[in-house]
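# Breakdown of the fold
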Amino acid sequence: MRLTVRLLSSVVHKRPFFVTTPIFYVNAAPHLGHLYSALVADAVQRFEKLTNPDCRVIFSTGTDEHGTKIQQAAAKANLSLPEYCTRLSQEYRDLFKDFDIGYTDFIRTTDEKHKKAVRHFWRKLVKRDYIYKAKYSGWYSVNDEAFVPETHLKEDILDGQRIKVSIESGHRVEWTEETNYMFRLSAFKTHLQSWLKTDGVITPNKFQKQLQDFLENEPYFPDISVSRPSSRVHWAIRVPDDEEQSIYVWLDALINYLSVIGYPDEDAMKDRGRPWPADVQVVGKDILKFHGIYWPAFLMAIGWHPPRKLICHGHWTVDGSKMSKSLNNVVRPREVPTSPVALRYVLLREATMATDANYSETKLVNIANSELADTLGNLASRCCGTALNPRGEFPTLHTQEMVICRQSDVTATLLDQVERLPEICHDYYSSYQFYKAADSVIHVLHLANLFFETHKPWELKKRPECQKELDVILHITLETLRICGIILQPLIPELATQLLNKLQIPDDCRSWQHCEKPSWRIEGAIYETKNIQPGKFVLFQRIYMDKKNVHKKKVSA
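Residues numbered from 1 in each chain as written. Predicted model: local features only at pLDDT ≥ 70, side-chain atom pairs only at ≥ 80, totals over all residues. Heavy atoms only, no water.

Stated precisely, the cut-off is as follows: UniProt positions are given in the numbering used here, feature names are shortened, and annotations may be inferred rather than shown by experiment.
As annotated in an unreviewed UniProt entry, the chain is Methionine--tRNA ligase, mitochondrial from Parnassius apollo. As its UniProt record puts it under Catalytic activity (unreviewed entry), the chain is described as follows: "tRNA(Met) + L-methionine + ATP = L-methionyl-tRNA(Met) + AMP + diphosphate". The annotation that UniProt attaches to the chain under Sequence similarities (unreviewed entry) is "Belongs to the class-I aminoacyl-tRNA synthetase family."

Written out as C-alpha cells, the structure is:
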C-alpha cells in the first residue's frame, strides 16, 4: 500500500524529486567530508528512484569558486583564477565519477547562468527593500568567509599572543570596518521560528533543536552583511549598479540551488518541472546556520518557500582527531589505497549523521573484507560456482523439499528475517539511517551463511538422490541474495548491479516492489529453473594490507 501511495502521488503532481549537495569550495582538493555529503545525497536519490521508478529526479552538485581564499589558493598554485577554478572543479567531477555519484546537474558559481541568477536575486531583494547600505564593523574570519558575532567568539593563544577565534570553527577573526550592503535578517526571526516548528524540517532532530535554541536565546538578532568592498574581494560577482562592492560569497553560493534549475528564466524552470522547493538538501553541520537561518530568510524575502527538508551530518575525524592540514591527516578519497566501492560502502555504513564519525584505514579494510568479501561475496561465489552449481542455475523451488527444509530452526529464522527485511530497511532508508539498513542486510546475510553451512550442500552434491534438496538450498540462498542485492542498490550500486546481473534479474525487476515478497511467499507462483550468468564470479576482491601497501586479491568460484 505504501508503494502505491507514493506512485499515485508522483503521477498526480508530476513534480521532480529535487535533492542537492552543498557546492564545494575549491580552495583545496576534495577530502573525505566532501565525498560523504555527496554520498548521502546520492543514496537519498537512489532510494527515491528505487521506490518510485517513474519519478524524475534532479540531483545537483557543483563548486563554489569565488572569494578571498580562492584568490589566495590560485596565487599559491601560480595559476590564473579561471584556470585554477576549472582544475579544482574537474577534481570534484572526477571524484564523483569514481564513486558512482549519479548527479544530473553540476553547477559552477563562475557559470554565466549562475551570475545572471545572482544578479536577479539581488535586485529582487533590493526591490522588496530588504537590502540597504551602511557602515559595518565586526569580527571577520577569512577562513570562514563570514562575519562572526561577538557572542560566538572566544579567546585563544597563538604564538604567545591573545587572539579571538570563532567558537564554531576555531578560525581566527580580525576586526574589520567597512561600508557594505546589509540584509534585513532581523525582519525574519519570527518567520524562521515558525518554519523551524515544522516537525522533521531538519534531520536529525538535534540540529533542528540547535537552530531553535539559537533563535530563542539570541537576545540581539542583527542584520547581516551581504557584500564586501571589491578592493578586498575582487574575485566575486559585482553588486549590480555598484562596481565598488562584491556580493558576499555565501549569498552568491546559496543561489546555486536556484540557478541550477533555470532561475530566473520562467520557461527554463517550467521545463524542469518547477522543482522548487527542494525536497532534500544535504549539508554538513559546519554550514548549518547558513542553510538553516540565512538561506530560508533569503528565500522568504523574495516570496519563495524554504526547502522541504535539510539533512545535516556530522564531521569525519581521522584516528580520533579532527582533519587538519597542520596534523597532516586530511584524507583525500582518491588517494585511499582501496577500491572506491569499499570506501563508499564504509562511509555510508559507519556514519550515524547525528554524531561525528571516525575514519581509519584499518577499519576500512576490516569492514570491507568482513562484509563485502566474506559475508556477501563469498556466499555469492559458492552458490554460483561450478562446485555446487555446475549447471549455472537459479533452481526451481520444490514444494515438498521446501516443507521439509523449513522445519529446521535455522531455515525458519532465515526465512522470517528475509521476509521482514524490506520493510525494516525501507524505514531506515526513509529516515536516512543508512548504517542501520546496511547492518540489517548484513545480519540477514550472516543468517544465510549459517543456513548454508548447516545444510552442507557440498554433502548433498555427492548424492544424486538429494538433487531436489540441494536445489532448495541454492534457491533460498540465491533468493536471499536477490533481495539483498535490490536493497543494497542505494549504498553500493556497482556491486549490487554486478550481483543482480549474475543472477540474470531483468532491469525492470530491480525496483523496491520486487523485493517486498520472497519467492516462497508468492501464492500460486510457478517456479521454473532459470540460468544465471555463466563464468567465474568475483563480486569483491579481498583486500590484503601490510605496513606499506594495500593489496587486492581475487577469490573466485
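### So, the environment of isoleucine 543
Keep this limit in mind: The helix and strand labels rest on DSSP assignments: H or I over at least four residues marks a helix, E over at least two residues marks a strand, and numbering proceeds from the N terminus. For every residue, the accessible area (1.4 Å probe, protein chains only) is compared with the maximum for its type, and the residue is labelled buried under 20%, exposed over 50%, or partly exposed between those bounds.
Mapped onto the elements, isoleucine 543 comes out in strand S22 (residues 542-545). Of the residues examined, isoleucine 543 reaches a relative accessible area of 2% and is grouped as buried. Along the primary structure isoleucine 543 and asparagine 369 are separated by 174 residues, whereas in three dimensions their C-alpha atoms are 6.3 Å apart.

### Focus on the pairing of strand S8 (residues 161-166)
Quick reminder of the rule: Being paired, for any two strands, means DSSP has found at least two bridges between them.
Pairing of strand S7 (residues 153-158) with S8, which is carried by six bridges, proceeds in the antiparallel orientation. By the bridge assignment, glutamate 155 is partnered in S8 with lysine 164. As consecutive antiparallel partners, S7 and S8 are separated by two residues, and within that stretch aspartate 159 has a phi angle of approximately 55°, a positive value.

### Here's the deal with the packing of aromatic side chains
By convention here, two paired aromatic rings are described through the distance between centres and the angle between planes. For clarity, the threshold we go by: Two rings from Phe, Tyr or Trp (for Trp, the six-membered ring) form a pair when their centres are within 6.5 Å of each other. A pair whose planes differ by under 30 degrees is stacked, one over 60 is edge-to-face, and the rest are tilted. Two limits define a charge over a ring: the Lys NZ or Arg CZ must be within 6 Å of the ring centre, and within 35 degrees of the ring normal.
Summed over all chains, the structure comprises 24 aromatic pairs. Arranged with centres 6.3 Å apart and planes meeting at 70°, the rings of phenylalanine 96 and tyrosine 103 form a pair that is edge-to-face. We classify tyrosine 103 as partly exposed; its relative accessible area is 24%. Through a chain of ring-to-ring contacts, three or more aromatic side chains come together here, namely Phe24, Tyr92, Phe96, Tyr103 and Phe106. Note that arginine 93 overlies the ring of phenylalanine 106, its terminal NZ or CZ placed 4.1 Å from the centroid. Just above the ring of tyrosine 140 sits the side chain of arginine 228; from NZ or CZ to the centre is 4.0 Å.

### Things to note about the side chain of arginine 228
The cut-off we apply is this: For this analysis, a polar contact is any N or O atom pair within 3.5 Å, provided that within protein one partner can donate a hydrogen and the other can accept it, and provided that sequence-adjacent residues contribute only side-chain to side-chain pairs. Pairs of residues are marked as contacts when any of their non-hydrogen atoms sit within 4.5 Å.
Mapped onto the fold, arginine 228 is located in strand S12 (residues 227-229). By relative accessible area, arginine 228 is classed as buried at 6%. At 2.5 Å, the side chain of arginine 228 forms a polar contact with the side chain of glutamate 178. Residue contacts for arginine 228: discarding those within four places in its chain leaves Tyr140, Phe147, Thr176, Glu178, Asn180, Val233, Glu244, Gln245 and Ser246.

### A few points about helix H11 (residues 288-301)
Rules: For a helix, the expected span equals 1.5 Å multiplied by the residue count minus one. Bending is quantified residue by residue as the angle between axes fitted to the seven-residue window ending at that residue and the seven-residue window starting at it.
When the terminal C-alpha atoms of H11 are compared, their 19 Å separation across 14 residues agrees well with the 20 Å that a helix rising 1.5 Å per residue should span. For H11, the principal kink sits at tyrosine 294 and spans about 30°; a proline, proline 296, occurs within the next four residues. Looking one or two places after H11, you find glycine 303, whose phi comes out positive at around 85°.

### Notes on the packing of helix H13 (residues 361-384) against helix H16 (residues 434-455)
The condition that has to hold: Simply put, an axis is a line fit to the C-alpha atoms, just over the touching stretch for a helix, and the angle between two N-to-C directions goes from 0 to 180 degrees. Any angle that falls under 35 degrees is termed roughly parallel, while one over 145 is termed roughly antiparallel, one within 65 to 115 roughly perpendicular, and all others oblique. Two helices cross in a left-handed way if the nearer one is turned anticlockwise from the farther one by less than a right angle. They cross in a right-handed way if the turn is clockwise. In this count, Pro and Cys sit with the nonpolar residues alongside Ala, Val, Leu, Ile, Met, Phe, Trp and Tyr, while Asp, Glu, Lys and Arg are called charged and the others, Gly among them, polar.
Two elements in contact, H13 and H16, have axes whose closest approach is 10 Å; the angle formed by their N-to-C orientations is 45°. When the axis of H13 is compared with that of H16, the two are oblique. Note on packing geometry: the crossing formed by H13 with H16 is left-handed. Here Glu371, Thr375, Leu376, Leu379, Arg382 and Cys383 of H13 lie close against H16, whose contacting residues are Ile442, Leu445, His446, Ala448, Asn449, Phe452 and Glu453. Of the residues assigned to the contact of H13 with H16, the class counts are seven nonpolar, three polar and three charged.

### Let's talk about the sheet that holds strand S14 (residues 242-247)
If you trace the three strands from one edge of the open sheet to the other, you get S12-S14-S13, paired in antiparallel fashion. The outermost strands of the open sheet, each flanked by one partner alone, are S12 and strand S13 (238-239). Two elements, S12 and S14, share three bridges in a ladder whose sense is antiparallel. Bridge pairing in S14 links arginine 228 to serine 246.

### A look at helix H5 (residues 112-127)
So the rule is basically this: The directions from the helix axis to the C-beta atoms form the arc being described.
The terminal C-alpha atoms of H5, which comprises 16 residues, lie 23 Å apart, in line with the 22 Å expected from a rise of 1.5 Å per residue. Considered for burial, the residues of H5 that qualify are His114, Lys115, Ala117, Val118, Phe121, Trp122 and Leu125. Axial view of H5: buried residues confined to an arc of 160°, hence all on one face. Opposite the buried face of H5, by more than 90 degrees, sit the exposed residues Glu112 and Lys127. Trailing H5 by a residue or two, aspartate 129 shows a phi angle of about 65°, which is positive.

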